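# Observations on the three-dimensional arrangement
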Amino acid sequence: MGSVVVEQLRKEFSGVTVLQDINLDIKEGEFFALLGPSGCGKTTTMRCIAGFEAPTKGSIMIGGKDIANLAPNERNCGMVFQSYALFPHMNVFDNVAYSLNIKELKKNNLFKKIGVYTRMLNSKIVKYPKHITEKVMDILEYVELTDHANKLTSELSGGQQQRVALARALVMEPEVLLMDEPLSNLDLKLRHTMRNTIRRIQQDLKITTIFVTHDQEEAMSMADRIAVMKDGKILQIGTPTDLYSKPNTPFIADFVGTSNILPGEVVGTENGLTTVKIGNQRIKSASPTDKKHVDVVVRPENIQVLNGAKDQTGNTFEGEILLATYLGSIVRYDVKVGEHNLLVDTTYESGDSIKTNGSTIRLSVSPERVLLI
Amino acid sequence: MNKFKKHFVGIGLIKLLIYGFFLLFLIIPLLSVFLVAFTNQPINVFGLLISMERMQQTIDQFRNASLDNFKALFTYGGYLTGLINSLKLSLIVSLWVLVICIPIAYGIARTKMPFKKTIGALCTIPLVIPTFISAYAFIIMFGRSGWVTYIYEKFGGEGMLLDPYTMTGIAIVQIFFFFPYALWPMVAAFKVTDASLEEASRNMGAKGWLTFITVTFPIALPGMLSTMLVIFAVSFSDFGTPIILAPNDLNLIVVDAYREISGFFNWGGAAILTVIMIAVAGVVYWLQNYLLKGKNYDILSGKPKEIKLNDNKALTIPLAIFSSLVVLLPILALATIILQSLATTWGKDPLPSGYTLEHYRTIFTSSLGNIQNSLILAGGALILSVIISVFVSYFVVRHRSTTLDFMTTIPLIVPGIAFGIALIQTFNTAPLQLTGTALILIIAYSIRRLPYMVRSTVGTMRAIKQDIEEAAVSLGASTLTAATTVVGPLMLPGIAAGSILVFVTVIKETSISILMAPASWAPMSLAIFQNVLRAEYYSAAAMSVILVVMVLVLQALANRLSGGNKS
Ligand SMILES: Nc1ncnc2c1ncn2[C@@H]1O[C@H](COP(=O)(O)OP(=O)(O)O)[C@@H](O)[C@H]1O
Ligand SMILES: [Mg+2]
């Protein structure tokens, strides 16, 4: 298992640049997510690593070795495709054993080669040797598919197919595991279970994993670190908490979690607090900036509702509730403050009363929670 | 070398070989036949590449090249008459097929005609009988001592009801045996014609027949015209019917071309006729595409709607009777051949004077070789076209190779006789003397059938996602191993169905067999043809029945395979 280092990667398709300045430094055993909206180049990045696309520029190293000269079948990258890409004419066992067959094919003499080849076409004619059977059954047990070994893949549910795809990639003991939106074809509930399954296996095996997704919640809940991509570039790389608390662009602030993003103008700095004018309101922020025009970012859950309590932040606003939405453990208010709308989340405990639409509300936010970008 | 690139070299080599194959056996022969039309002598394309002497000869040939042949086309009556007669024949046949098919297609597509299923099934019979067998069945029925003639005379007619050895005879055989080619596309056209438009017309008070003439018919028209062009092309390229029925004084271009080359060894004459045939077929093909351009019926009609079927007995019963009468002739032709094959003798009587299996025994003792030849040749063509079409479809689908896509449509246009002549003259002499070998026959059969095979393999290939192939490669397989262990097995059902059809059509193939097969490799079709020429009708009939049975069985098998694949 190895680290993955991508340097200055650039990819053009007939003159059109779809990736540029991609730099990644993924550590051994790390679970790394590529996050970004569809079309931003996640799949292309991954295909360059796997060898299915040749980079226009830049280098890729796996386990410290430059792999530019390796064909895709020599890179030892386990892949899990969005469509699973299981072999529909083979049963579960044969699917999983595929890479082991290929390894046998490479090391044996001609006579044995023919045997292995025949087995790949029809495993009823030539039997598997013990070491393969054991290895396949081990991994099937690991993904809880022992009972389904002899089924055709079309007889399995989506989640089971997903696990076959995973087992098939894992059995080859890859240097890195590449997964391209592996959960997007599953229903919501299954998706949550599979997140845990994948994470558990990844941590058990300490396998370096690159996980592509457009779902921020998925990336945040699974990955050690995340690279957020947009329009073929990487905007920010960091741990989930980094990205959430210190987004470096309004795009990320909005894409990772929910944010109130308001354009403002810096009017002064005093005692480490920057005052920003938003319309005819003023807000103090503890985050330093040297720009004149900034985006003010405030998470909805960081805004307090002052139910008659005394303000301790120096940042208070008054507004009118346009809409109150009950979301279970929280209530989200859409509040009109000046000419802007703010989302405000408050925790809800049973028995609490929900403010009615149209009523006036007083809000406050600590300067530490006001981010200037 | 960069290993990343090397990964693609093996497959690149195969691509090169495929291009080489098409160049050698399709492009060069067609170009060279075009040149021969000027030089009047065969050009040894491959010889001139390896010998200076040959090169000099060829240069001289070109010095003496002239437009004489083209002039002869207009001065020497024969060639021009042949062309005009052929065009006339094709026009008549395609018009009549259209006229016959409109009611049947309408009946099947839009009405609750009685016995619809049965009639539909019977309409496939003409397709399993090679035309030269139909033509000869026609002789047994309508000829001087045919049973139709007998009945006709009994009812007071004089001479023959219809002389098979005439243009009319040829036209009738073609009409009744080619109409199914037009029927199914027309049924489809009638089905997709927007039913809501018709409804609108009817709501506005138009009568049923008025709706048909003003709405249904015009919308179906482009589709109909294009199917008419299909029939025109099929009739124009058909060799089986005219070679049996055309009398000596009736010039038809396919027969003329055949006689020039196999009778008189007139290379220049055969070449000019070949060029003309290809030109005509090319124009027809172009017209057909032009007509259908931008006319996608799916878009025209949106989603297929439930069409209300017409259940008016006053319409459906006449339609059913008419349709049955049309399929009756091919059925009678088939029955006649079966009876003939079982007859001791069958003179000018409604039925044979006695029955015997003797003719079949003769076939299985003395003509077993022909059956064997057919099977070997068809098998060879099957293997070759499977290999080529699998790779071609790989390149067309995965590498988006438009050149290969185009090359595989060329054989669709070139008439069999024309292609045969091109091959014969290109491979006539050393260093690549292949004329008269089984190899060139197999190659010719394969290339002729390749368009159909490629179409079906391209379809299957498209259905296999690239992901699956890449998954295999990411698991360590080379492109070749991935192709053989994953892509290949997945394509198998499609390949199987397609290759059976190749096998069937090769067994039925007439023009190439008659033109190119040497005596030592005579397939069944050539044997039947020669028996008919020698007037050995009984053994010809028995062999024909065997051939038709083989075709029927294999066709059913192919349908089974492709049908079972779908569900
Ligand atoms: N083979 C290709 N040829 C041309 N353009 C491509 C090709 N593959 C991807 N692209 C383009 O590259 C961009 C990134 O695509 P992709 O990597 O698939 O995005 P993502 O996986 O993030 O949705 C898209 O604009 C897409 O249209
Ligand atoms: Mg993608």
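Residues numbered from 1 in each chain as written. Chains lettered and ligands numbered in written order. Predicted model: local features only at pLDDT ≥ 70, side-chain atom pairs only at ≥ 80, totals over all residues. Heavy atoms only, no water.

## Points about the overall build of chain B
Filter applied, for reference: Runs of H or I in DSSP of at least four residues are treated as helices and runs of E of at least two as strands, each being numbered from the N terminus. Each residue gets one of three labels from its accessible area relative to the maximum for its type: buried under 20%, exposed over 50%, partly exposed in between, using a 1.4 Å probe on protein chains only. We call two residues contacting when some pair of their heavy atoms lies within 4.5 Å. Method for areas: the Shrake-Rupley scheme with a 1.4 Å probe, in which residue coverage is limited to the protein chains shown.
Each helix and strand counted, chain B has 29 helices and zero strands in total. The burial tally for chain B puts 54% of its 567 residues in the buried class. In chain B, the share of contacts with a sequence separation of at least 24, taken over all contacts with a separation of at least 6, comes to 78%. Accessible area of chain B: about 25,200 Å², with a carbon and sulfur share of 67%.

## Considerations on the overall build of chain A
Rules: In this tally, Lys and Arg are treated as positive and Asp and Glu as negative; His is ignored, and so are the chain termini. Lysine's charge is taken at NZ, arginine's at CZ, aspartate's at CG and glutamate's at CD.
Within chain A one finds nine helices and 20 strands. Along the first, second and third principal axes, the C-alpha atoms of chain A reach 85 × 50 × 35 Å. Within the span of chain A, comprising 373 residues, buried residues form 49% of the whole. Excluding contacts between residues fewer than 6 apart, the proportion of contacts in chain A whose partners are at least 24 apart in sequence is 67%. Per element, the accessible surface of chain A, about 17,500 Å² overall, is 50% carbon and sulfur. Computing the positive centroid from 43 side-chain charges and the negative centroid from 44, chain A places the two 4 Å apart.

## Regarding the sheet that holds strand β15 (residues 303-305) of chain A
Residues and elements named next belong to chain A. The criterion, for reference: In this description, strands pair whenever DSSP reports at least two bridges between them. As a rule, the C-alpha atoms of each element are fitted with a line to give its axis, helices using only the stretch in contact, and angles between N-to-C directions run from 0 to 180 degrees.
Read across the open sheet, the five strands follow the order β15-β19-β16-β17-β18; overall the sheet is antiparallel. In the strand order of this sheet, the two ends are held by β15 and β18 (340-347), each with one partner. For this sheet the average axis-to-axis angle between neighbouring strands, irrespective of direction, equals 45 degrees. Pairing geometry for strand β17 (residues 330-337) and β18, over eight bridges, is antiparallel. Within β18, the position partnered with Arg-332 by the bridge is Asp-345.

## Some details on the sheet that holds strand β11 (residues 260-270) of chain A
Residues and elements named next belong to chain A. Strands sit in the order β13-β12-β11-β14-β20 across an open sheet of five strands; the sheet is antiparallel. Among the strands making up the open sheet, the edge pair consists of β13 (281-285) and β20 (371-372). Where strand β14 (residues 293-298) lies against β20, two bridges are found, and the strand directions are antiparallel. When the bridges of β20 are listed, Val-297 appears paired with Leu-371.

## Regarding the site of ligand 1
Residues and elements named next belong to chain A. Quick note on the threshold: For each residue, the test is whether any non-hydrogen atom lies within 4 Å of the molecule or strand; if one does, the residue is near. Polar contact is the term for a pair of N or O atoms within 3.5 Å; when the atoms are in protein, one must be able to donate a hydrogen and the other to accept it, and sequence-neighboring residues count only if both atoms are side-chain atoms.
As a matter of local geometry, ligand 1 sits amid Phe-13, Val-18, Ser-38, Gly-39, Cys-40, Gly-41, Lys-42, Thr-43 and Thr-44. Contact between ligand 1 and Cys-40: an oxygen atom at 3.2 Å from a main-chain N or O atom of the residue. At 2.5 Å from an oxygen atom of ligand 1 is found a side-chain nitrogen or oxygen belonging to Thr-43. With the chains in place, 56% of the 560 Å² that ligand 1 exposes on its own is no longer accessible.

## Comments concerning the interface of chain A and chain B
Bring the parts together and some accessible area is lost; that lost area is often taken as the interface size. Rule in force here: A 1.4 Å probe defines the accessible area here, and the buried area is the portion of it lost by two parts on being joined, summed over both. A carboxyl oxygen of Asp or Glu within 4 Å of a side-chain nitrogen of Lys or Arg is what we treat as a salt bridge. Under the grouping applied here, Gly and all other residues not named as nonpolar or charged are polar, the nonpolar ones being Ala, Val, Leu, Ile, Met, Phe, Trp, Tyr, Cys and Pro and the charged ones Asp, Glu, Lys and Arg.
With 34 residues of chain A at the contact, the number on the chain B side is 23 residues. Both sides of the chain A and chain B interface together cover about 2,300 Å² of buried area, and 66% of this is carbon and sulfur. Three residues stand out in chain A for area buried against chain B, namely Asn-73, His-89 and Tyr-98 of chain A, and they jointly supply 21% of the buried area on that side. If you look at where chain A meets chain B, you find one salt bridge. Glu-470 of chain B is the partner of Arg-47 of chain A in a salt bridge, and the nearest nitrogen-oxygen pair spans 2.6 Å. Contributing elements (two or more residues each) for the side of chain A that touches chain B: β6 (77-80), α2 (92-107), α3 (110-121) and α5 (158-170) of chain A. Here the element with the most residues in the side of chain A that touches chain B is α2 of chain A; it accounts for five residues. Per-class residue counts for the side of chain A that touches chain B are 22 nonpolar, six polar and six charged.

## Considering helix α16 (residues 267-292) of chain B
The condition is simple: Between the first and last residue of a helix there are one fewer steps than residues, each counted as 1.5 Å, and that sum is the expected span.
Spanning 26 residues, α16 of chain B covers 37 Å between terminal C-alpha atoms, matching the ideal 38 Å at 1.5 Å per step. The opening residue of α16 of chain B is Asn-266 of chain B, an N-cap whose side-chain oxygen sits 3.4 Å from the backbone nitrogen of Gly-268 of chain B.

## So, the pattern of salt bridges
Enumeration according to the criterion identifies 19 salt bridges over all chains in this entry. The residue Asp-215 of chain A makes a salt bridge to Arg-195 of chain A at a minimum N-O spacing of 3.9 Å. Taken together, the positions of Asp-215 of chain A in the loop between β8 (208-213) and α7 (216-222) and Arg-195 of chain A in helix α6 (residues 188-205) put the pair 20 residues apart, joining distant regions of the chain. Judged by relative accessible area, which is 8%, Arg-195 of chain A ranks as buried. Close ionic contact of Glu-509 of chain B with Arg-449 of chain B constitutes a salt bridge, the shortest N to O distance being 3.2 Å. Here Glu-509 of chain B, found in the loop between α26 (479-508) and α27 (511-516), pairs with Arg-449 of chain B, found in helix α24 (residues 438-463); they are 60 residues apart in sequence, far enough to count as distant. One salt-bridge network, held together by shared partners, links Arg-47 and Glu-53 of chain A together with Glu-470 of chain B.

## Describing the pairing of strand β10 (residues 233-238) of chain A
When a strand is regular, its side chains alternate between the sheet's two faces. Residue and element names in this part refer to chain A. Pairing of strand β9 (residues 225-230) with β10, which is carried by five bridges, proceeds in the antiparallel orientation. The partner of Ile-226 across the bridge, within β10, is Gly-238. Taking the residues that link successive antiparallel strands as the turn, the β9-β10 hairpin has two residues, and the phi of Asp-231 there is positive, at about 50 degrees.

## Comments concerning a nonpolar patch on the surface
Residues and elements named next belong to chain B. In plain terms, the rule: Residues enter a patch when their relative accessible area is above 30% and they make no salt bridge; the linking distance is 9 Å between like charges and 5 Å between nonpolar side chains (Val, Leu, Ile, Met, Phe, Trp, Tyr).
On the surface, Val-283, Trp-286, Leu-287 and Tyr-290 cluster together into a nonpolar patch covering about 430 Å² of accessible area. Examined against the element boundaries, Tyr-290 turns out to sit in helix α16. Classification of Tyr-290 by relative accessible area gives partly exposed; the value is 49%.

## With respect to the domain arrangement of chain A
We count it as follows: Domains are outlined according to an automatic or database domain assignment.
When its domains are assigned, chain A resolves into domain 1 (4-245) and domain 2 (258-372). Each of domain 1 of chain A and domain 2 of chain A has a C-alpha centre, and the two are 43 Å apart.

## Focus on the packing of α5 of chain A against α6 of chain A
All names here are of chain A. Selection criterion: Working definition: roughly parallel below 35 degrees, roughly antiparallel above 145 degrees, roughly perpendicular at 65 to 115 degrees, and oblique for all remaining angles. Rotating anticlockwise by less than a right angle from the far helix to the near helix defines a left-handed crossing, while the corresponding clockwise rotation defines a right-handed one.
For the pair α5 and α6, the least separation of the axes is 11 Å and the interaxial angle reads 15 degrees. In terms of axis orientation, α5 runs roughly parallel to α6. The two elements α5 and α6 meet at a crossing, and its hand is right-handed. Listed contacts from α6 to Gly-159, Gln-162, Arg-163, Leu-166 and Leu-170 of α5 are Leu-190, Met-194, Ile-198, Ile-201 and Leu-205.

## What about the nonpolar core?
Which entries qualify depends on this criterion: Put simply, a nonpolar core is a bunch of buried Ala, Val, Leu, Ile, Met, Phe, Trp, Tyr and Cys residues held in one set by side-chain atoms that sit within 4.5 Å of each other.
Core analysis: the biggest nonpolar cluster contains 221 residues, and Tyr-98 of chain A together with Ile-244 of chain B have the highest contact counts within it. Considering each element in turn, this core owes the most residues, 16 residues, to helix α11 (residues 167-192) of chain B. Within the second largest apolar cluster, 45 residues are counted, among which are Val-92, Leu-145, Leu-183 and Phe-211 of chain A.

## Topic: the packing of aromatic side chains
All names here are of chain B. Put simply, the rule reads: Note on ring pairs: Phe, Tyr and Trp rings are taken, using the six-membered ring of Trp, and paired if centres are within 6.5 Å. Classes follow the plane angle, with under 30 degrees stacked, over 60 edge-to-face and the rest tilted.
In this structure the tally under the stated criterion is 15 aromatic pairs over all chains. Taking 5.6 Å as the distance between ring centres and 20 degrees as the angle between the ring planes, the aromatic pair formed by Tyr-136 and Tyr-537 counts as stacked. With a gap of 401 residues between them, Tyr-136 in helix α9 (residues 131-142) and Tyr-537 in helix α29 (residues 537-566) connect regions that are remote in the sequence. With a relative accessible area of 0%, Tyr-136 lands in the buried category.

## A closer look at the packing of helix α20 (residues 368-398) of chain B against α26 of chain B
Residue and element names in this part refer to chain B. It is at 8 Å that the axes of α20 and α26 come closest, and there the two elements cross at 135 degrees. On the basis of their axis angle, the class for α20 and α26 is oblique. Pair α20 / α26 crosses with right-handed handedness. Residues Leu-375, Leu-377, Ala-378, Gly-379, Ala-381, Leu-382, Ser-385, Val-386, Val-390, Ser-393 and Tyr-394 of α20 pack against Thr-479, Met-491, Ile-495, Ser-499, Val-502, Phe-503, Val-506 and Ile-507 of α26. Split into classes, the residues belonging to the contact of α20 with α26 amount to 14 nonpolar, five polar and no charged.

## Things to note about unusual backbone geometry
Residues and elements named next belong to chain A. The backbone of Ala-85 sits at a positive phi, close to 50 degrees, despite the residue not being glycine. By the secondary structure assignment, Ala-85 is in the loop between β6 and α2. The backbone of Glu-173 sits at a positive phi, close to 45 degrees, despite the residue not being glycine. Mapping Glu-173 onto the fold places it in the loop between α5 and β7 (176-180).

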